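# Commentary on secondary and tertiary structure
Here's the letter readout for the chains.
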Amino acid sequence: MKVLISLLLASSIFLTGLAGDNVMKAEEAQNLQQKKDLQKQAHPVFKEQKAENPMPYYLKTAALTDVPWYLLAAIDQYERNVRNTRRDLPDADGPVAILIPRHKWLGALNPAQKDRDPFFISLFDGMGKDGNGDGAAYENDPDDVLYTMAQYLSTYGSDWLDYKTALWDYYKSEKTIQVITEMAELYKHFGTIELEKRAFPIPLRYNYDYRSTWGARRGWGGLRIHEGTDIFAGYGTPVLSTAYGVVEIIGWNKFGGWRIGIRDVKNVYHYYAHLSGYEKHIKKGSIVKPGEVIGYVGSSGYGPKGTQGKFPPHLHYGMYKYDGNTEYSFDPYPYLRAWEREAYRSCRGS
Ligand SMILES: [Zn+2]
């Protein structure tokens, strides 16, 4: 949106033929926006402000429609994550972030683009519904948007498979369905959407050492860049989950050795590699909390299953963000520093 405004500004200045000075200013504004967008992509986790607690909206819509609140919450949070990460979508600033495209809301052939009469919208096969009984269906009204999404899901039925089919028809992406499903499981399991807490992956009482190595080249397995931070620690040092999440992947990989991949409610995938072993109860689909032991530091990887000792023991920790199109790596180092500081602070506090 901001990019669009600055583009519009720039072009209108051209059209009215003002002095080159203003064009320069518009260009500067555009450059500034581009810089901000890059930062947004590089730091996708801290980049979220919620204007208002959305929970009452989820509960209200769930009561009206019988669609579980945690599914509505997961769809909403998924869209918030995507909007706050992607440059081609406006940031989410209201309590509900679901963005139903205009043509879907109104109906593709609906000529009255300003009309929000729910009856008229339904005549043109639009999705838009009135969720709060004010007689209008606005695509930016949190009640209307949630109610519309819930009604859409309900038309497919009321069990999880029906909802998945509805999500498939809406998003056309397996990955999106997987992420939304995992988020819904987390919300359901913990009974809350307050799952922001994070933890440093090594208990502070153990010896460890790490520095910023993201993006460095590395040798084994062809030309790859280092997508993570190496935390050096002794064999068997416990590895803790950094977030609330669902275990998406667990097992051997020739690069990562014994590794675990955990997804949190921010579409962030946390990757822990080179482990010597896993905590007993951890398996695919397990739900974990920040600070929970998931495995132990080792030196596995860089070869066929079981290979170890090709490098000193360390935890390789990587962070990846799914933006609705692709999953990209970003630097975990600043987050690790922040979580470590936070852990020290709470140690001293208790
Ligand atoms: Zn590494």
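All values reported here derive from a predicted model rather than from experimental measurement. (Residues numbered from 1 in each chain as written. Predicted model: local features only at pLDDT ≥ 70, side-chain atom pairs only at ≥ 80, totals over all residues.)

## With respect to the overall build of the protein
- Counting its secondary structure elements, the protein contains 10 helices and 12 strands.
- Considering only contacts in the protein between residues 6 or more positions apart, those separated by 24 or more positions represent 56%. (Helix = DSSP H or I, 4+ residues; strand = E, 2+ residues; numbered from the N terminus. Contact = placed C-beta atoms within 7 Å.)

## A short note on the pairing of strand β8 (residues 268–278)
- Among the 11 residues of β8, nine are classified as buried, and the element is accordingly described as predominantly covered.
- Where strand β7 (residues 257–263) meets β8, five bridges bridge the pair, whose relative direction is antiparallel. Looking across to β8, one finds that Ile262 is bridged to His270.
- Linking β7 to β8, which pair antiparallel, is a turn of four residues; within it Asn267 sits at a positive phi near 65°.
- Bridge count between β8 and strand β11 (residues 314–322): six bridges; the pairing is antiparallel. From the neighbouring strand, Tyr271 faces β11, where its bridge partner is Gly318.
- Strand direction decides the pairing type here: β8 and strand β10 (residues 293–297), joined by three bridges, are antiparallel. Note that in β10 the partner of Gly277 across the bridge is Tyr296. (Buried ≥ 20, exposed ≤ 12 C-beta atoms within 10 Å, placed from the backbone. Pairing = 2+ DSSP bridges.)

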